[in-house]
Amino acid sequence: LPPVIGAYIDPATLPGLVIDDEHNDVQFIGKWTKGEGLKGYIGNHYVYHGKGPKAEIHFKFQVKQSGKYEVRLAYGHHKNRASNTPVTIRSSQETKTVKINQQIKPPLKNGFISLGAFQFEKNQPIKVIMSNSGVDGNVHADAIQVLPIE
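This write-up is about the structure you can find in this document.

What counts, and at which threshold
- Residues numbered from 1 in each chain as written.
- Predicted model: local features only at pLDDT ≥ 70, side-chain atom pairs only at ≥ 80, totals over all residues.
- Heavy atoms only, no water.
- Phe/Tyr/Trp six-rings, centres within 6.5 Å; stacked < 30°, edge-to-face > 60°.
- Lys NZ or Arg CZ within 6 Å of the ring centre and 35° of its normal.
- Helix = DSSP H or I, 4+ residues; strand = E, 2+ residues; numbered from the N terminus.
- Buried < 20%, exposed > 50% of the residue type's maximum accessible area, 1.4 Å probe, protein only.
- Polar contact = N/O pair within 3.5 Å; in protein donor to acceptor, adjacent residues only side chain to side chain.
- Contact = heavy atoms within 4.5 Å.

**Observations concerning the packing of aromatic side chains**
As enumerated under the stated definition, the model contains six aromatic pairs in all. Look at Tyr46 and Tyr48: their rings are 6.4 Å apart centre to centre, the planes differ by 45 degrees, and that puts the pair in the tilted class. An aromatic cluster of at least three residues, connected via ring pairs, comprises Phe61, Tyr69, Phe118 and Phe120. Sitting above the plane of the Tyr48 ring, Arg81 keeps its charged end 5.8 Å from the centroid.

**Some details on the environment of Ser66**
In this structure, Ser66 sits in the loop between β7 (56-61) and β8 (67-74). Using a relative accessible area of 41% as the deciding quantity, one classes Ser66 as partly exposed. At 3.1 Å, the side chain of Ser66 and the side chain of Glu121 are in polar contact. A distance of 2.9 Å separates the side chain of Ser66 from the backbone nitrogen of Lys122, its partner in a polar contact.

**Concerning the side chain of Glu56**
Inspection of the secondary structure puts Glu56 in strand β7. For Glu56, the side chain forms a polar contact with the side chain of His58, separated by 2.7 Å. Setting aside its immediate chain neighbours within four residues, Glu56 contacts Gln27, Phe28, Ile29, Trp32, Ile129, Met130 and Ser131.

**So, unusual backbone geometry**
Despite not being glycine, Asn110 has its phi angle at roughly 65 degrees, a positive value. With respect to the secondary-structure elements, Asn110 resides in the loop between β10 (95-100) and β11 (112-120). Even without being a glycine, Asn123 presents a positive backbone phi close to 60 degrees. Among the secondary structure elements, Asn123 is positioned in the loop between β11 and β12 (126-131). Asn123 sits in the partly exposed class, given a relative accessible area of 45%.

In structure tokens:
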């Protein structure tokens, strides 16, 4: 049988830099709703927003060493989620937007999906921005994880 996933995953137990939706460096645009119904989330809860008025969540961070990093996003999948959630990774080196189907279970451990590999420079501002622009369902945000690529 698959392992039982508890309601709460402590961000401090995960490798790399993990920024939960409760972190001080997270900025919300619009009114996001806190949720705990989909178990296995990072931290004390997750947040979600429907279609309609503009909504964004900005996960802000910096890396301590210049290099290549994988950026991952944690979300809870559900049939009422958007199949086309735009997620933009913005650094001084590049800006890239990917579309995530949040109706499908994230393939990586602890509910993460990879957004790709990026070159980041030490002490430069970086943002991962999720938006409800043009979505066809609810946008679900939980945490991001930034892992160095050896």
